[in-house]
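Here is how the chains run, residue by residue.
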Amino acid sequence: MNIEPRDFLPDHPLLGIDEVWKDIDLDYLMDEELPYWFLMAVSTEVYEDNENRRQFVEFFYDFLEYLEAIYFFSESRSARMKKKLAARRKSGDEVLLKCNLPRRLTAKEAARPKAVITGFCNRYLLIYAKKELENCFESVILYEGRFKDIIFKENIFHLYSNLACLLEAGYLL
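Residues numbered from 1 in each chain as written. Predicted model: local features only at pLDDT ≥ 70, side-chain atom pairs only at ≥ 80, totals over all residues. Heavy atoms only, no water.

> Is there a simple way to explain unusual backbone geometry in this structure?
A negative phi holds for most residues other than glycine; trans holds for most peptide bonds. Here the residue pair Leu 9 and Pro 10 is connected by a cis peptide bond, since its omega of 5 degrees sits within 30 degrees of zero. Note that Pro 10 resides in the segment before helix 1 (13-23). (Helix = DSSP H or I, 4+ residues; strand = E, 2+ residues; numbered from the N terminus.)

> Whenever I open this one, the packing of helix 3 (residues 50-77) against helix 7 (residues 114-123) confuses me. Can you help?
Working note: a packed helix pair is described by the angle between its axes plus the distance between those axes. Contact geometry of helix 3 with helix 7 gives a least axis separation of 8 Å together with a crossing angle of 145 degrees. Judged by the sense of rotation from one axis to the other, the crossing of helix 3 with helix 7 is left-handed. Taken together, the residues of helix 7 that come into contact with helix 3 (itself represented by Phe 59, Asp 62, Phe 63, Glu 65, Tyr 66, Ala 69, Ile 70 and Phe 73) are Lys 114, Val 116, Ile 117, Phe 120, Cys 121 and Arg 123. Residues of the contact of helix 3 with helix 7, tallied by class, amount to 10 nonpolar, no polar and four charged. (Axes fitted to C-alpha atoms, helices over the stretch in contact; angles between N-to-C directions. Left-handed = near helix turned anticlockwise from the far one by under 90°. Contact = heavy atoms within 4.5 Å. Nonpolar A, V, L, I, M, F, W, Y, C, P; charged D, E, K, R; others polar.)

> Hey, could you run me through the packing of aromatic side chains in this one?
Any two aromatic rings considered together are summarised by their centre-to-centre distance and by the angle between their planes. Taken as a whole and judged by the stated rule, the model has 21 aromatic pairs. Taken together, a centroid distance of 6.0 Å and an interplanar angle of 15 degrees make the contact between Phe 63 and Tyr 66 stacked. Residue Phe 63 and its partner Tyr 66 are both found in helix 3; the two are separated by three residues, about one turn of the helix. On the accessibility criterion, Phe 63 (1% relative accessible area) is buried. With relative accessibility at 0%, the residue Tyr 66 sits in the buried group. Each ring, one from Phe 157 and one from Tyr 160, has its centre 6.2 Å from the other, and the planes form 45 degrees; the classification is tilted. With a gap of three residues between them, Phe 157 and Tyr 160 both fall in helix 9 (residues 156-172), about one helical turn apart. A relative accessible area of 55% means that Phe 157 is categorised as exposed. Overall, Tyr 160 belongs to the buried group, its relative accessible area being 12%. (Phe/Tyr/Trp six-rings, centres within 6.5 Å; stacked < 30°, edge-to-face > 60°. Buried < 20%, exposed > 50% of the residue type's maximum accessible area, 1.4 Å probe, protein only.)

> What exactly am I supposed to notice about the confidence of the model for the chain here?
Parts of the prediction with low pLDDT should not have their coordinates interpreted in detail. The predicted model of the chain has a mean per-residue pLDDT of 88, with 87% of residues at 70 or higher. Considering each helix and strand of the chain separately, the mean pLDDT is smallest for helix 5 (residues 94-97), with a value of 50, and largest for helix 7, with 97. (pLDDT = per-residue confidence, 0-100.)

> For this particular structure, what's the right way to read the nonpolar core?
Across soluble globular proteins, nonpolar side chains show a tendency to be buried alongside one another. Of all hydrophobic cores here, the largest spans 49 residues; its most connected members are Trp 21, Leu 34, Trp 37, Phe 63, Tyr 66, Leu 67 and Leu 163. At the level of secondary structure, the elements contributing two or more residues to this core comprise helix 1, helix 2 (26-42), helix 3, helix 7, helix 8 (126-142) and helix 9. When residues of this core are assigned to their parent elements, the largest contribution, 12 residues, is made by helix 3. Non-local contacts of Trp 37, meaning those with residues more than four positions away in its chain, are made with Cys 136, Phe 137, Val 140, Ile 151, Ile 156, Leu 159, Tyr 160 and Leu 163. (Core = buried A, V, L, I, M, F, W, Y, C linked by side-chain atoms within 4.5 Å.)

Given below as structure tokens:
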């Protein structure tokens, strides 16, 4: 039996968060998958009226910041971040030095991500955030446009499950 990151919730949210980031790379998530999830979501019939679509757009933007904050929170708690940075500096590889850097967070927010996580959790009720993520997931599944072959379809549910774990874990911190 495989243990999934969500299996650590609600008792051990930190372990759930760490398990997700063992499996997903921040760059992949932010650059390869979620931009297309967003485009798919806003172009399907799941968000029928403009107000629902507007609310989703605002939520999704905030959710991306939240995900970055959860990533940097996880990394700051472990020696992995220090080891990764030391290895990157030692190698001198400029590409590696630019991996998994904040996109939406300031340097201060990335250094102290808990405030971003708390702000998100205060701004959105968990039930609302779960519903928006579910609607986004539904949109990706139903989408039939030009982006459908860009994302890794076989991985959609696994990615959704990991995103849901990160979402819920932040509220449990």
